[in-house]
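Coordinates in review
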Amino acid sequence: MSERLVAVVGYAGVELLDISCVTSALCLATRLGAVPGYRVVLLTPGGGPVECDSGLSLQGQESLQRWTAPVDTVVVSGGLGHEEAGADPLIVTHVRRIAALSRRVASVCTGATVLAASGLLDGRRATTHWRYADQLARDYVAVRVDADPIYIRDGNVYTSAGVTSALDLTLALIEEDNGPELARRVARGLVTYLQRPGNQAQMSMFTARPQFRHEAVRAVADLVSSRLDADLSPGALAAHAGVSARQLTRLFVEHTGHTPGRYVRRARTEAAAHLLTSTDLTIAAVARRCGLGTAESLRLAFTAEYGVAPSRYRLSSRSAASKAPETRPGASFVRTPRPSGVGRSDQRVSWTVSSRMSPRATR
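All of these numbers come straight from a predicted model, not from anything done at the bench.

When helices and strands are counted, the chain shows 15 helices and 13 strands. Within the chain, buried positions represent 52% of all 363 residues. A sequence separation of at least 24 residues applies to 65% of the contacts in the chain between residues at least 6 apart. Carbon and sulfur atoms provide 53% of the accessible area of the chain, an area that totals close to 15,700 Å².

What follows is the structure in structure tokens.
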């Protein structure tokens with residue numbers, strides 16, 4: 001095989017980043033020595049230009065309905081036009097036809113709508129942008145929708161979460177084809193972290209936490225999310241908010257369900273979890289960057305929150321990163337609650353591989 005042909009499907013209202021994250025990573029992989037290299041072709045209805053949801057126009061390279069050559073991988077992009085695309089018989093029919101000519105099929109973000117409409121996700125576990133997951137589950141009951149992971153592999157079908165998670169998915173595909181070293185070189189070339197493990201949550205306390213109504217609570221939450229290495233002791237937080245330490249504790253319990261100290265510990269351990277899986281920083285360096293001081297302090301806080309030592313968590317996560325979460329014989333998926341954000345009483349439910357350590361429910 002002289003090259004791996006990748007067909008990217010676009011349509012009116014497509015998200016430009018959903019396309020460019022895939023194409024740029026694959027083209028860089030080719031320049032850095034992928035063997036065989038990747039050749040990317042953008043398929044659009046009629047082969048004409050499509051208007052992205054940002055208003056920019058993108059010229060198609062080949063006609064979706066006239067494409068007949070076998071492809072290595074077909075990737076369906078997402079975007080605000082996903083519902084119309086999923087309801088368009090021309091797009092759905094030809095995506096299904098081209099998928100039958102391919103080794104593997106993938107979607108980015110709401111491109112999962114098109115795959116679901118084509119029947120390619122029936123009976124499979126799949127993800128999409130967290131904002132549209134409930135809608136996908138309602139509209140396509142044969143699909144086992146999981147809103148939590150960055151990306152999921154079920155057999156030869158891959159689905160990814162919102163927008164820039166396309167980069168995580170593409171790096172995983174590059175690693176699958178060429179090994180981890182080339183994937184790392186591509187990540188460095190794109191000036192991004194190494195790809196996040198597929199079963200890392202889309203949402204964290206930093207992106208999911210509500211905008212607290214009380215000014216003092218909001219001020220402290222903003223400080224915590226931006227300055228984890230600062231003095232975040234109860235006294236320092238109270239001084240920042242302009243209230244007494246006792247008053248701040250009362251306000252935090254009322255508005256978040258946690259004491260200020262508990263809120264800070266969760267923020268620091270979550271940030272540590274991200275650094276452990278996305279960087280090569282030493283445990284001690286991670287501890288300093290997250291404001292936990294020493295490796296021993298990190299170990300104690302991390303074990304209390306995640307039920308596992310930081311070093312073992314890193315090893316487990318990197319092992320999981322070498323392959324996306326996959327439905328396969330022998331894989332045991334267990335239903336475990338995980339907090340969807342500080343200050344929320346509802347708990348989203350996710351599926352995780354039973355051997356994977358998942359954060360303990362908020363105590």
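Within the chain, residue pLDDT values average 83, and 81% of them lie at 70 or more. Counting interchain partners and residues more than four positions distant, the pLDDT-below-50 stretch residues 323–363 has 106 contacts.

This part covers the packing of helix α1 (residues 16–31) against helix α7 (residues 180–189). Between α1 and α7, whose axes approach to 9 Å, the crossing angle comes to 120°. As far as their axial angle goes, α7 and α1 are oblique. Pair α1 / α7 crosses with right-handed handedness. Contact residues: Ala-25, Leu-28 and Ala-29 in α1; Leu-182, Val-186 and Gly-189 in α7. A breakdown of the residues in the contact of α1 with α7 according to their chemical character gives five nonpolar, one polar and no charged.

To continue, consider the side chain of Arg-4. You can see Arg-4 is positioned in strand β1 (residues 3–9). Residue class for Arg-4 comes out buried when judged on its relative accessible area of 9%. For Arg-4, the residues in contact, after removing those within four places along its chain, are Val-35, Pro-36, Gly-37, Tyr-38, Arg-39, Asp-72, Arg-103, Asp-177 and Asn-178.

Here the focus is the side chain of His-82. Of note, His-82 is situated in helix α2 (residues 82–86). Judged by relative accessible area, which is 3%, His-82 ranks as buried. Of note is the side chain of His-82, whose polar atom sits 2.9 Å from the side chain of Thr-113. Once you skip the residues sitting within four places of it in the chain, His-82 turns out to touch Tyr-11, Thr-110, Thr-113, Val-114, Tyr-132 and Gln-135.

Turning next to the pattern of salt bridges. Counted by the stated rule, this structure contains 18 salt bridges. Residues Arg-104 and Asp-177 are paired through a salt bridge, measuring 2.6 Å at the closest nitrogen-oxygen approach. Within this pair, whereas Arg-104 is found in strand β7 (residues 102–107), its partner Asp-177 is found in helix α6 (residues 165–178), the two being separated by 73 residues in sequence. Classification of Arg-104 as buried rests on a relative accessible area of 3%. In this structure Asp-177 comes out as buried when scored by relative accessible area, which is 16%. Between Arg-184 and Glu-181 there is a salt bridge whose closest N-O contact spans 3.1 Å. Taken together, the residues Arg-184 and Glu-181, both in helix α7 and three residues apart, mark about one turn of the helix.

What follows covers unusual backbone geometry. Negative phi characterises most residues that are not glycine, and trans characterises most peptide bonds. Of note, the amide linkage connecting Val-35 to Pro-36 takes the cis form, showing an omega dihedral of -10°. Tracing the sequence through the fold places Pro-36 in the loop between α1 and β2 (37–44). Unlike most non-glycine residues, Cys-109 shows phi in positive territory, near 55°. Position of Cys-109 among the secondary structure elements: in the loop between β7 and α4 (111–117). Non-glycine residue Val-163 carries a positive phi angle of around 45°.

Next up on the list: the environment of Val-220. Here Val-220 lies in helix α9 (residues 215–226). Since its relative accessible area comes to 1%, Val-220 is described here as buried. Considering only alpha carbons, one finds Val-220 and Phe-252, 32 residues apart in sequence, at a separation of 9.4 Å. With residues up to four places along the chain from it excluded, the contact list for Val-220 reads Leu-237, His-240, Ala-241, Leu-248 and Phe-252.

With that settled, the discussion passes to the environment of Cys-52. Within the fold, Cys-52 resides in the loop between β3 (49–51) and β4 (57–59). Judged by relative accessible area, Cys-52 falls into the buried class, the value being 3%. In this structure, the C-alpha to C-alpha distance between Cys-52 and Leu-17, residues 35 residues apart in sequence, is 9.7 Å. When neighbours within four sequence positions are excluded, Cys-52 is seen to be in contact with Gly-13, Val-14, Leu-16 and Leu-58.

Rules used in this analysis
- Residues numbered from 1 in each chain as written.
- Predicted model: local features only at pLDDT ≥ 70, side-chain atom pairs only at ≥ 80, totals over all residues.
- Heavy atoms only, no water.
- Helix = DSSP H or I, 4+ residues; strand = E, 2+ residues; numbered from the N terminus.
- Buried < 20%, exposed > 50% of the residue type's maximum accessible area, 1.4 Å probe, protein only.
- Contact = heavy atoms within 4.5 Å.
- Areas by Shrake-Rupley, 256 points an atom, 1.4 Å probe, with all protein chains shown as cover.
- pLDDT = per-residue confidence, 0-100.
- Axes fitted to C-alpha atoms, helices over the stretch in contact; angles between N-to-C directions.
- Parallel < 35°, antiparallel > 145°, perpendicular 65-115°, else oblique.
- Left-handed = near helix turned anticlockwise from the far one by under 90°.
- Nonpolar A, V, L, I, M, F, W, Y, C, P; charged D, E, K, R; others polar.
- Polar contact = N/O pair within 3.5 Å; in protein donor to acceptor, adjacent residues only side chain to side chain.
- Salt bridge = Lys/Arg side-chain N within 4 Å of Asp/Glu carboxyl O.

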